Each structure stands twice: as structure tokens, then as C-alpha cells.
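Topology and contacts: notes
Okay, here's what each chain looks like letter by letter:
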Amino acid sequence: MRLTGYFMPTLKETPSEAQIVSHRLMLRAGMIRQASAGIYSWLPLGVRVLKNIERIVREEQDLAGAQEVLMPTIQAADLWQKSGRYDAYGPEMLRITDRHGREMLYGPTNEELITDIFQHSVKSYRDVPKMLYHIQWKFRDEVRPRFGIMRGREFLMKDNYSFDLDFAGAKKSYNKMFVSYLRTFARLGLKAIPMAAESGPIGGDLSHEFIILADTGESAVYCHRDFIDFDVLGQTIDYDGDLEPIVNHWTKLYARTDDMHDPAAFDKQVPADKQISNRGIEVGHIFYFGTKYSEPLGAVVSSAEGQPVPVHMGSYGIGVSRLAGAIIEASHDENGIIWPESVAPFHVGLINLKASDAACAKVCDDLYGKLRAAGVEVLYDDRDERPGTKFASMDLIGLPWQLVVGPRGVDKGVVELKRRRSGEREEISADAAMARLTA
């Protein structure tokens, strides 16, 4: 994509309403614009990041054996009345009456609807287990939406729901998602720490939050260093096998937020050289809630003995849009965003330092064509702007690589390749830069 034709309305000054790093940088980088309180439009650069996060989340859900569905944003109130949550949920739920006087709601979550789908379709123990997920927009009417997309009213979520014959089966599904979440966040360039949590309005008995470390996080986090040092992507995972030992290894390690932290227990359970304390941001939550929804909504299957049995359920959420902000909170510097390669909107920013110079333009056009032909996503800054402006823009939007072409380099037969994360620069030939970027 040529920047002269790309819609990327960057800002030099930070809007006064932006209180945290991710909100400031997303506005300045032209990723989002506020439509109303807690509701944002996603612009082209932001959409590319959102789609990359969504792709990784989807791939890992599929790998764990979940199947994708797509449920509507608007739900009938009668299902929530049957489950007992319609009145109990609170003012965060946006309630609607349609033209025929029927009570509806903008879904804050989907336990009722997915249970209704299941109970109309599955009748035998032979047809479980099942895990069904979707990636859909949600709405919760936060009383004080703030921090940009980190605490907005409208947000994109991945919700997965498991259906099993009994607790033993439900625990296996829970463990699959536990491991899947560790893999998902690792692929997003994040280290996620699972810790026991309360289930809140969703309900349930077994629950873990997944928290990533970020200096600007919401809560203080105290944990064992093994959470950070472990390379989950380097492990072979058999989702059809026994995942209990893996899950037990992590759940036995000390991990607490500040509201549950016990300094004495921390010192006793974790060696001094293995202790980590930092700030953290919640990016995922998994729950087991048994028959909380299957019983009132009639989601029963016949057992092997022919008896009706309410299925045991679990719910597994990842804040897809929230992750875009969380990644920025965990990965930025004074100049802007530093995207992990897996979610970056483009892999490389190609900078023409002098767009009016025919030789520079020829080298840039050649590199641009070759990178695109090789399948490398490239943003080509071909604007007639000062070099400082171009460098600032590229640092702000945080692409992993910058490929810089200027008159002096062209005369010497070299280009400059910069790695955004480390700031390391080197002058190499255009062919060597191509080889590096396409490796």
C-alpha cells in the first residue's frame, strides 16, 4: 500500500481525553476514532491489527477442536428470563423493545443463546462433547467508559462454550482452553499468566483469568518467573491426550493480583530469584459453571442408560479488540507502538527519503514490487514530506521493520534496514534486504 493513497489520519498532538498509552497511540496512529462515549470506529490500520489478532485466536480455537458459529448481536429477552439473568444482570445490559413490543437486548454475552441452540440440536450422550465459539461484537453499558478500547461499551469478543456429559468431561474441555489460551497469547507476542479468579455475573465454580504484564496495567501482579520463562509454543500439545499435568503445573505456581496477594505466602512459595512483581492487564477469562444454564434452559441429553442428563458447560472469553490496546500497553516506547510481527498491520515500512529523486523512486518502486510479489505486507511512504516526518510516522505506527532509501545510499548501492524493536540499523544491499525481509 502506498501511503499517498492510504487512509491513515495520524495526529501530532495527543487528544486531551486520552489518559493511557494505548488510547493515546491508537488515536495518534490513526487506528481508531471515537463515535460516542465508549464506542469507536476502527480505521484501516486498526482493522488490519484487529483482523490479525482475530486470525490467531481463530486458528488456536480450531486447533483445540472448537467449531465456529456466528450468533446475532440482538437476543430475545425470554431466554435470559428463563435463566434468571435478565433482571439480575444489571444496568450494563442494553434493553430494547422492538416495534411489536417484544423485549430484546444487545447481547453482553451468549450463554443463553448458545445453550438454546444446543438444546434444540443435541439429544444423545453420543453427540458430546462439543465446543462452539464465535467472534462477535458485544455491548455493555459501562457507567464510566474510559481508556479507549480498554474499557469501552462496544467491543469484539471471542466466546467459546463447551458441552459435556459430566464434570470429568467438562474438566477436559476446560483444560483444552487453558492450554489453548497460553498458546494464543504467546503467538500474539505476549506472556500470559493464568490465575484463579472469581466468575462474576457469568457464574461458575472454576475460573481463571489470563493476565499479561505491562507497566501501565490495571492491577499489581505477583507471580513465579517460570510463567515468563516457559516457551509454550516450543511444546508439542496433544489436545486428545491428558492435559491435566500441564494445567496442574501452572495452577500450582504462585500467581496473584494485588487484592489476593499474600506477601508471606509469596516469600515462602517462590524463591527470591524467581519472584516477579509488575502491573497486569486481563485479556482472557475461562469458567466452568456446570448445569447453571443447561437445567433452566432444558439442555439435556440421554445418558448411556437412557436417563435425561443436563449437560455440564463452560465459557471461555478473549477480548479481541481489548487485546489491540493491551499489546500496545505491553510493547511501546517514547516514539510510538512496537508491534509483534504476528499482529503488525504491515511487516515493513518502505521509506523514500526524497520522493522527487528519480533514482530513489526507481529503487523504491522496484523494492515495493518485489516485496509485494513475495507476499510481504509493505506500507510504502512515497509522500513528498521531510525525512523527519516520515521517520516519526513509521516509529509511531510501529511496523517491525523499516527499509530506508535515500540519495546517498542509492549512490553507494545500499539501503538502510532498521528493526523497530531494538532500533538496530544497518546498511546493506537491496538484495540482502529483500532476503532478510522474505526469510
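About the cut-offs
- Position numbers for residues start from 1 in each chain and track the written sequence from start to end.
- Two thresholds apply to this predicted model, a pLDDT of at least 70 for residue-level local features and 80 or more for giving and counting side-chain atom pairs, whereas whole-chain, interface and lining totals are computed over all residues.
- To obtain the side-chain values, all non-hydrogen atoms of the structure were included, while hydrogens and water were left out.
- What makes two strands pair is DSSP finding at least two bridges between them.
- Going along the chain from the N terminus, every DSSP run of H or I of four or more residues is numbered as a helix, and every run of E of two or more is numbered as a strand.
- Helix axes are fitted only over the stretch in contact, all axes being lines through C-alpha atoms; the angle between N-to-C directions runs from 0 to 180 degrees.
- Among buried residues, the Ala, Val, Leu, Ile, Met, Phe, Trp, Tyr and Cys ones that are joined through side-chain atoms within 4.5 Å form a nonpolar core.
- Exposure categories follow from relative accessible area, calculated using a 1.4 Å probe and restricted to protein chains: below 20% of the type maximum is buried, above 50% is exposed, and the middle band is partly exposed.
- Between 30 and 60 degrees the pair is tilted, below 30 it is stacked and above 60 it is edge-to-face, where a pair is any two Phe, Tyr or Trp rings, Trp via its six-membered ring, whose centres lie within 6.5 Å.
- Counted as over-ring charges are cases with an Arg CZ or a Lys NZ within 6 Å of the ring centre that also lie within 35 degrees of the ring normal.
- When a carboxyl oxygen of Asp or Glu is within 4 Å of a side-chain nitrogen of Lys or Arg, the pair counts as a salt bridge.
- Residues are treated as being in contact if the distance between any of their heavy atoms lies within 4.5 Å.
- One less than the number of residues in a helix, times 1.5 Å, gives the span that helix is expected to have.
- Just so you know how the angles are binned, under 35 degrees is roughly parallel, over 145 roughly antiparallel, 65 to 115 roughly perpendicular, and the rest oblique.
- Crossings are assigned a handedness: left-handed for a near helix turned anticlockwise from the far helix by less than a right angle, right-handed for a clockwise turn.

**Description of the sheet that holds strand β6 (residues 103–106)**
- As summarised here, the arrangement of the three strands in space is β4-β6-β5, forming an open sheet in which the pairing is antiparallel. Taken across any chain shown, the strands that pair with only one partner, and hence form the sheet edges, are β4 (74–76) and β5 (94–97). Recorded for the sheet is a direction-independent mean angle of 35° between the axes of neighbouring strands.
- Bridge count between β5 and β6: four bridges; the pairing is antiparallel. Within β6, the residue paired with L94 across the bridge is Y106.

**As for the nonpolar core**
- Among the nonpolar cores identified, the biggest contains 82 residues, and M31, I53, F185, L188, W339 and L379 are the most heavily contacted of them.
- By residue number, the principal contributor to this core is helix α5 (residues 167–187), which donates eight residues.
- Of all hydrophobic cores here, the second largest spans 24 residues; its members include Y89, M93, V301 and M313.

**Focus: the packing of aromatic side chains**
- One pass over the structure, following the stated rule, counts 16 aromatic pairs.
- Measuring from centroid to centroid gives 4.6 Å for F230 and W250, while their planes differ by 55°, and the two rings are tilted. Of this pair, F230 sits in the loop between α6 (226–229) and α7 (244–251) while W250 is found in helix α7, placing the two residues 20 residues apart along the sequence.
- Judged by relative accessible area, F230 falls into the partly exposed class, the value being 27%.
- Among the aromatic residues, those joined into a ring-pair cluster are F178, Y181, F185 and F210.
- Sitting above the plane of the F346 ring, R48 keeps its charged end 4.0 Å from the centroid.
- Positioned above the aromatic ring of Y254 is the side chain of R256, whose terminal nitrogen or guanidinium carbon lies 4.5 Å from the ring centre.

**Concerning the pairing of strand β13 (residues 275–290)**
- With eight bridges connecting them, strand β10 (residues 206–213) and β13 associate as antiparallel partners. Within the sheet, the bridge partner assigned to E209 lies in β13 and is H285.
- Sheet topology note: the strand β11 (residues 219–224)/β13 ladder contains six bridges and is antiparallel. When the bridges of β13 are listed, C223 appears paired with I276.
- Judged from the six bridges that link them, β13 and strand β16 (residues 312–319) form a sheet pairing that is antiparallel. Within β16, the position partnered with F287 by the bridge is S315.

**Overview of the pattern of salt bridges**
- Per the counting criterion, the structure on display carries 28 salt bridges.
- Two residues, E111 and R85, come together in a salt bridge whose shortest N-O distance is 3.1 Å. Note that E111 is positioned in helix α4 (residues 111–119) and R85 in the loop between α3 (77–83) and β5, a separation of 26 residues in sequence. Side by side, E111 and R85 carry an identical accessibility label, which is buried.
- When the shortest N-O distance is used, the salt bridge between R436 and E426 registers 2.7 Å. Pair noted here: R436 is in helix α14 (residues 430–438) and E426 is in strand β23 (residues 425–428), with a separation of ten residues, a long-range link.
- Residue E426 is classed as partly exposed on the basis of its relative accessible area of 25%.

**Remarks on the sheet that holds strand β20 (residues 378–381)**
- Spatially, β20-β19-β21-β22-β23 is the arrangement adopted by the five strands of the open sheet, whose pairing is mixed. The open sheet has two free edges, formed respectively by β20 and β23, since each of these has just one partner strand. Going from strand to strand, the sheet's axes swing by 20° on average, the running direction of each strand aside.
- As defined by bridge partners, strand β19 (residues 348–352) adjoins strand β21 (residues 401–405) across five bridges and the pair is classed as parallel. Within β21, the residue paired with L350 across the bridge is L403.
- Sitting on the sheet, helix α11 (residues 358–373) is in contact with β19, β20, β21 and β22 (415–419), with an inclination near 165° to β19.
- Sheet strands in contact with helix α12 (residues 387–397) are β19, β20, β21 and β22, and its direction is about 175° off that of β19.

**Some thoughts on helix α2 (residues 44–63)**
- Along its 20 residues, α2 runs 29 Å from first to last C-alpha, staying within 8% of the 28 Å computed at 1.5 Å per residue.
- The set of residues buried in α2 consists of L45, G46, V49, L50, N52, I53, E54, I56, V57, E60 and Q61.
- In the stretch just after α2, G65 is the one whose phi turns positive, near 100°.

**Let's talk about the packing of α2 against helix α10 (residues 320–330)**
- For the pair α2 and α10, the least separation of the axes is 9 Å and the interaxial angle reads 110°. For the element pair α2 / α10, the angle class is roughly perpendicular. Our pair here, α2 against α10, has a crossing hand that is right-handed. On the side of α2, the interface is formed by V49, L50, I53 and E54, while α10 contributes V320, S321, L323, A324 and I327.

**Here's the deal with the packing of helix α1 (residues 21–28) against α10**
- Between α1 and α10, the least distance of the axes is 8 Å, while the angle of their chain directions is 105°. Comparing the axis directions of α1 and α10 gives the class roughly perpendicular. Of α10, the residues touching α1 (which contributes V21, S22, L25 and M26) are A324, G325, I328 and E329.

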